[in-house]
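Residues per chain, in single letters:
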Amino acid sequence: INETVELHLMGMTCAACANRIEKGLNRLPGVSQATVNFALETAHVEYSPAEVSPEDLIQKVKQLGYDAKIKE
Ligand code: 9UX
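Residues numbered from 1 in each chain as written. Predicted model: local features only at pLDDT ≥ 70, side-chain atom pairs only at ≥ 80, totals over all residues.

The name given to the chain in an unreviewed UniProt entry is Copper-exporting P-type ATPase, and the organism recorded there is Thermoflavimicrobium dichotomicum.

A short note on the overall build of the chain
The number of helices and strands found in the chain is 2 helices and 4 strands. Tracing the chain from N to C terminus, the helices and strands come up as β-α-β-β-α-β. Residues counted as buried form 22% of the 72 residues belonging to the chain. (Helix = DSSP H or I, 4+ residues; strand = E, 2+ residues; numbered from the N terminus. Buried ≥ 20, exposed ≤ 12 C-beta atoms within 10 Å, placed from the backbone.)

Some details on the sheet that holds strand β3 (residues 42-47)
In space, the 4 strands of this open sheet follow the order β2-β3-β1-β4, with antiparallel pairing throughout. Edge positions in the sheet fall to β2 (31-37) and β4 (67-70), since each has one partner strand and no second. Averaged over all neighbouring strand pairs, the angle between strand axes comes to 25°, with direction disregarded. Across the sheet, helix α1 (residues 15-26) lies against β1 (3-10), β2 and β3, angled at about 170° from β2, the strand it touches most. Against the sheet, helix α2 (residues 54-63) engages β1, β3 and β4, with an angle of about 165° to β4. (Pairing = 2+ DSSP bridges. Axes fitted to C-alpha atoms, helices over the stretch in contact; angles between N-to-C directions. Contact = placed C-beta atoms within 7 Å.)

A word on the nonpolar core
Counting residues in hydrophobic clusters, the biggest one holds 16 residues, and the most contacted among them are Leu9, Ile21, Leu25, Ala43 and Val45. When contributions to this core are tallied by element, the ones reaching two or more residues are β1, α1, β2, β3 and α2. Excluding residues that lie within four positions of it along the chain, Ala43 makes contacts with Leu7, Leu9, Ile21, Leu25, Ala34, Thr35, Val36 and Ala68. (Core = buried A, V, L, I, M, F, W, Y, C linked by C-beta atoms within 7 Å.)

Put into structure tokens, the structure is as follows:
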């Protein structure tokens, strides 16, 4: 069963940043669909909680040089 999470992304400067993050998240095992909205600074991610956690998603974003937190 998949879950979804919204992340607030920080540090994106141009639209290509959004594509980098989207591709990076989509490559993570357990992520079935990641969509980044540059203008809204958000990522919408569908994932399998047995394979990957929201913290893992945030770590990936940080690895790519940006920052993220879970949107409340
Ligand atoms: Mo645009 Mo973002 O030239 O890492 S891709 S600033």
